[in-house]
Amino acid sequence: MSKIRFTKMHGCGNDYIYVNAMQYPIADPVQASILWSDRHKGIGSDGLVLIGASPIPEADYSMHIFNADGSEAMMCGNASRCIGKYLFERAITTQRQIRLLTNSGIKTLNLHVSDGVVESVTVDMGTPQLENPEQYVTSCGLDKGIFVSMGNPHYVIFTDNVDQVAETGRVLEHHPAFPQRCNIEFARIENDGIIRTRVWERGSGITQACGTGACATAVAAFITGRAGRQSQIAMDGGTLNVELRESDNHVLMTGPAEFVFDGEAYAPYVRG
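Residues numbered from 1 in each chain as written. Predicted model: local features only at pLDDT ≥ 70, side-chain atom pairs only at ≥ 80, totals over all residues. Heavy atoms only, no water.

A.B. asks: Could you give me a rundown of the nonpolar core, with the residues and numbers involved?
C.D. replies: One finds Y18, V49, M63, I83, L111, M125 and V251 to be the most contacted residues of the largest nonpolar core, which totals 52 residues. For this core, the leading source of residues is helix α4 (residues 211-223), giving seven residues. Those residues in contact with V251 that sit more than four places away from it in its chain are V123, D124, M125, G126, P128, M150, C215, V219, V242, E243 and L244. (Core = buried A, V, L, I, M, F, W, Y, C linked by side-chain atoms within 4.5 Å. Buried < 20%, exposed > 50% of the residue type's maximum accessible area, 1.4 Å probe, protein only. Helix = DSSP H or I, 4+ residues; strand = E, 2+ residues; numbered from the N terminus. Contact = heavy atoms within 4.5 Å.)

Structural data, given as structure tokens:
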């Protein structure tokens with residue numbers, strides 16, 4: 001049985017297991033993610049992130065994300081920021097602007113560095129896509145939400161009861177309106193303008209934060225007149241700053257990334 005090195009990181013509490021796949025290629029990341037993400041019998045995380053070389057010259061590195069249930073995610077804003085910190089502080093790159101290839105396209109990371117430490121990262125998340133599923137959610141007595149794609153699907157519901165995330169999020173993830181399943185955000189505008197948001201992520205359940213979810217919430221708040229082009233999204237694990245840039249309608253997300261610990265794991269899923 002092979003042994004690999006991994007790094008646990010989090011962005012506002014959204015925690016993943018990071019593996020440098022350029023050193024440790026994993027043959028079966030689906031099963032590895034299921035095994036290692038278990039918070040009682042494994043390392044414990046919201047999923048597994050593989051950092052790889054880019055197969056195309058337009059990007060510098062690649063990212064593949066597997067949720068705790070083994071399903072592959074299209075994009076993760078928090079994981080993108082963590083990868084920027086990982087690559088820079090582990091001396092894999094000296095670049096302060098990194099082009100990251102994801103399953104939803106190339107995302108540009110701008111690292112904010114002080115004394116060799118990446119204090120925060122701004123991710124250009126691209127242009128949001130506003131879509132309407134074939135049918136709107138009418139179950140659970142909810143008002144109609146706003147569907148926003150940030151490379152992955154989000155359904156944002158503005159409500160005073162953001163704590164319904166556990167019971168309602170589970171149901172809505174699998175609603176027939178979302179044949180690919182969906183991430184669900186419950187958001188409330190506070191008196192100071194901060195947007196309190198709780199997230200149910202498809203494939204992982206309740207998470208401390210979701211970068212693409214914060215972006216989707218900010219976009220939904222803007223297009224419904226609840227907020228301007230700049231928002232603070234306060235999630236369970238911390239706050240992200242999101243700007244909907246007027247010049248090109250790109251969404252810019254800024255927030256921290258943190259190391260938790262390094263370790264070694266036995267796994268039957270390592271290639272070679």
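What follows picks up the thread again.
A.B. asks: Before we move on, can you summarise the pairing of strand β6 (residues 97-102) with the specific residues and values?
C.D. replies: By the bridge criterion, two bridges tie strand β4 (residues 61-67) to β6 in an arrangement that is parallel. By the bridge assignment for β6, S62 is matched with L101. Across six bridges, β6 lies against strand β7 (residues 105-114) in antiparallel orientation. Considered in β7, the bridge of T102 is made with G105. What sits between the antiparallel neighbours β6 and β7 is a turn of two residues. (Pairing = 2+ DSSP bridges.)

A.B. asks: Got a sec to walk through the packing of aromatic side chains? Specific residues and values, please.
C.D. replies: Going through the model one piece at a time under the given rule, you end up with four aromatic pairs. In textbook terms, an aromatic cluster arises when at least three aromatic residues are bridged by ring pairs, as seen for F147, Y155 and F178. The ring centre of F158 lies 4.2 Å from the NZ or CZ of R226, which sits over that ring. (Phe/Tyr/Trp six-rings, centres within 6.5 Å; stacked < 30°, edge-to-face > 60°. Lys NZ or Arg CZ within 6 Å of the ring centre and 35° of its normal.)

A.B. asks: Outline unusual backbone geometry, supporting the account with residue identities and numerical values.
C.D. replies: A positive phi angle is found at R181, which is not glycine, with a value near 65°. Within the secondary structure, R181 sits in the loop between α3 (165-173) and β12 (183-189). Relative accessible area serves as the criterion here: at 23%, R181 is assigned to the partly exposed category. Positioned with a positive phi, N249 is a non-glycine residue whose angle comes to about 65°. Mapped onto the fold, N249 is located in the loop between β16 (238-244) and β17 (251-255).

A.B. asks: Explain the pairing of β7 to me, using residue names and the numbers behind them.
C.D. replies: As paired elements, β7 and strand β8 (residues 117-124) share seven bridges and run antiparallel to each other. Bridging from a neighbouring strand, S114 pairs with V117 of β8. Connecting β7 to the antiparallel partner β8 that follows it, the hairpin turn spans two residues, and D115 within it adopts a positive phi of roughly 55°.

A.B. asks: Account for the environment of G70, naming residues and giving values.
C.D. replies: Structurally, G70 can be placed in the loop between β4 and β5 (72-73). What G70 contacts, discounting residues up to four positions off in sequence, is V30 and I34.

A.B. asks: Could you give me a rundown of the pattern of salt bridges, with the residues and numbers involved?
C.D. replies: Tallied over the full model, the rule gives 16 salt bridges. A salt bridge links R181 to D69, with the shortest nitrogen-to-oxygen separation between them at 3.5 Å. Here R181 is found in the loop between α3 and β12, whereas its partner D69 is found in the loop between β4 and β5, with 112 residues between them in sequence. For D69, a relative accessible area of 36% corresponds to the partly exposed category. A salt bridge links R188 to E190; the shortest N-O distance between them is 3.2 Å. For R188, a relative accessible area of 23% gives the class partly exposed. Using a relative accessible area of 28% as the deciding quantity, one classes E190 as partly exposed. Within this structure, K8, D15, R39 and D46 form a network of salt bridges that share partners. (Salt bridge = Lys/Arg side-chain N within 4 Å of Asp/Glu carboxyl O.)

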